[in-house]
Amino acid sequence: SQQGEEDPQALSIQEGENATMNCSYKTSINNLQWYRQNSGRGLVHLILIRSNEREKHSGRLRVTLDTSKKSSSLLITASRAADTASYFCATGRTGGGADGLTFGKGTHLIIQP
Amino acid sequence: GAGVSQTPSNKVTEKGKYVELRCDPISGHTALYWYRQSLGQGPEFLIYFQGTGAADDSGLPNDRFFAVRPEGSVSTLKIQRTERGDSAVYLCASSLLARTGELFFGEGSRLTVL
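Residues numbered from 1 in each chain as written. Chains lettered and ligands numbered in written order. Predicted model: local features only at pLDDT ≥ 70, side-chain atom pairs only at ≥ 80, totals over all residues. Heavy atoms only, no water.

Peer 1: Can you help me understand the overall build of chain A in this one?
Peer 2: If you tally the helices and strands in chain A, you get zero helices and eleven strands. Going from N to C terminus, chain A has its helices and strands arranged as β-β-β-β-β-β-β-β-β-β-β. By the compact-globule yardstick of 13 Å for 113 residues, chain A fits well, its C-alpha radius of gyration being 13 Å. Along the first, second and third principal axes, the C-alpha atoms of chain A reach 40 × 30 × 20 Å. Across the 113 residues that make up chain A, the buried fraction comes to 48%. Long-range pairs, those at least 24 residues apart, make up 55% of the contacts in chain A between residues at least 6 apart in sequence. Approximately 5200 Å² of chain A is accessible, and the part contributed by carbon and sulfur atoms is 45%. Separation between the mean location of the 13 positive side-chain charges and that of the 10 negative ones in chain A comes to 5 Å. (Helix = DSSP H or I, 4+ residues; strand = E, 2+ residues; numbered from the N terminus. Rg over C-alpha atoms; globule rule 2.2 N^0.38 Å. Buried < 20%, exposed > 50% of the residue type's maximum accessible area, 1.4 Å probe, protein only. Contact = heavy atoms within 4.5 Å. Areas by Shrake-Rupley, 256 points an atom, 1.4 Å probe, with all protein chains shown as cover. Lys, Arg positive; Asp, Glu negative; His and termini not counted. Charge placed at Lys NZ, Arg CZ, Asp CG, Glu CD.)

Take a look at the structure:
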């Protein structure tokens, strides 16, 4: 079963625009992570936000977390063609995360040049 | 190596055959995970190793699937009597225990069962 669900399933924007993806989850968490996957490749960790954090930045990425709503968002600013990929949110299988993650179905992001 | 290595990158087999997929994790990572990913879906958990033992194999779909990690490093996922529904990308990931749970993934092994 998949704990996180991303929204939208697909997103197409123009280069230079901002892209926002949302994630909802069901159970309590210690942290929430976002991963990126280029077509035909493995997943790459982007950013982790802890349950006691509300917002976190890393370069052009901004992640928010609302534990009361059990939701998170990933914002990519000033998008580039190279940002075209699928983006997944992930939470710990048993909350802590040390025994692996549960992934959503992902948001497929296409950046039009 | 610097990252998680998976072999083969592609495997085509016939229905009913036996398949082995190999994963070489990042050196020093005690935790190893196998996931399966179908087209358009997120990775689905299969099994988790802590050291040599399978700490949680609740994601294995049936008894045709088995995984080992005899020396606490390299792991092999074994699939017996393959079926067409087993076709997917099998992803391996490792992590350094006591960290925050960030996983490092390999490029995956794409299995096609004809």
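Peer 1: For this particular structure, what's the right way to read the state of the cysteines?
Peer 2: One covalent bond between the sulfur atoms of two cysteine residues makes up a disulfide. If you walk through the whole model with that rule in mind, you get two disulfides over all chains. A sulfur-sulfur distance of 2.0 Å marks the disulfide that ties Cys23(A) to Cys89(A). Negative torsions about the S-S bond denote left-handed disulfides, and the value of about 70° found for Cys23(A) with Cys89(A) makes this one right-handed. One end of the pair, Cys23(A), is in strand 3 (residues 19-24); the other, Cys89(A), is in strand 9 (residues 85-92), and 66 residues separate them in sequence. The class of Cys23(A) is buried, set by a relative accessible area of 2%. The side chain of Cys23(B) participates in a disulfide bridge whose partner is Cys92(B); the two sulfur atoms lie 1.9 Å from each other. Every disulfide takes its handedness from the sign of the S-S torsion; for Cys23(B) and Cys92(B) that torsion is -65°, giving left-handed. In this pair, Cys23(B) sits in strand 3 (residues 19-24) while Cys92(B) sits in strand 9 (residues 88-95), placing the two residues 69 residues apart along the sequence. Residue Cys23(B) is classed as buried on the basis of its relative accessible area of 0%. (Disulfide = S-S within 2.5 Å.)

Peer 1: I keep staring at the layout of surface pockets and nothing clicks. Help me out?
Peer 2: Vacant regions in the atomic arrangement are exposed by a probe of water-molecule size rolled over the atoms. Empty space within the largest pocket amounts to approximately 630 Å³. Among the secondary structure elements, those contributing two or more residues to the lining of the largest pocket are strand 9 and strand 11 (107-112) of chain A together with strand 9 of chain B. Among the residues forming the lining of the largest pocket, the class breakdown is five nonpolar, 18 polar and four charged. (1 Å grid on protein atoms, 1.4 Å probe; cavity = no way out; pocket = protein on both sides within 12 Å on 5 of 7 lines; lining within 4 Å. Points joined across faces, edges and corners; volume = space filled by probe spheres on them. Nonpolar A, V, L, I, M, F, W, Y, C, P; charged D, E, K, R; others polar.)

Peer 1: Help me understand the sheet that holds strand 1 (residues 5-7) of chain A, please; the structure alone is not making it clear to me.
Peer 2: To summarise the sheet geometry, strands pair through backbone hydrogen bonds and adopt either a parallel or an antiparallel arrangement. All names here are of chain A. With antiparallel pairing, five strands are arranged side by side in an open sheet as 1-3-8-7-6. The strands lining the two open edges of the sheet, one partner per strand, are strand 1 and strand 6 (55-58). Sheet twist, expressed as the average angle between the axes of neighbouring strands with direction ignored, equals 20°. As paired elements, strand 3 and strand 8 (residues 71-76) share six bridges and run antiparallel to each other. By the bridge assignment, asparagine 22 is partnered in strand 8 with serine 73. (Pairing = 2+ DSSP bridges. Axes fitted to C-alpha atoms, helices over the stretch in contact; angles between N-to-C directions.)

Peer 1: In this structure, what is going on with unusual backbone geometry? I would like to understand it.
Peer 2: Leaving glycine aside, a negative phi is the common case for residues, and trans is the common case for peptide bonds. Following Asp7(A), the chain continues to Pro8(A) via a peptide bond in cis, the omega torsion being 0°. With respect to the secondary-structure elements, Pro8(A) resides in the loop between strand 1 and strand 2 (10-14). Here the bond from Thr7(B) into Pro8(B) is cis, since omega is -10°, no more than 30 degrees from zero. Secondary-structure assignment places Pro8(B) in the loop between strand 1 (5-7) and strand 2 (10-13). Positive phi is not limited to glycine here, since Arg81(B) has a value of about 45°.

Peer 1: Please explain the packing of aromatic side chains as it appears in this structure.
Peer 2: Aromatic rings in a pair are described by how distant their centres are and how their planes are angled relative to each other. Counted by the stated rule, this structure contains seven aromatic pairs over all chains. Ring geometry for Phe103(A) against Phe105(B): centres 5.9 Å apart, planes inclined by 70°, an arrangement best described as edge-to-face. In this pair, Phe103(A) sits in strand 10 (residues 101-103) while Phe105(B) sits in strand 10 (residues 104-105), so the two residues belong to two different chains. Pair check on accessibility: Phe103(A) and Phe105(B) agree, each one buried. Arranged with centres 6.0 Å apart and planes meeting at 80°, the rings of Tyr35(B) and Phe45(B) form a pair that is edge-to-face. Taken together, the residues Tyr35(B) in strand 4 (residues 31-37) and Phe45(B) in strand 5 (residues 44-50) connect sequence positions ten residues apart. Taken individually, Tyr35(B) and Phe45(B) each receive the classification buried, so the pair is uniform in this respect. Taken together, Tyr35(A), Phe103(A), Tyr35(B), Phe45(B) and Phe105(B) form an aromatic cluster joined through their ring pairs. (Phe/Tyr/Trp six-rings, centres within 6.5 Å; stacked < 30°, edge-to-face > 60°.)

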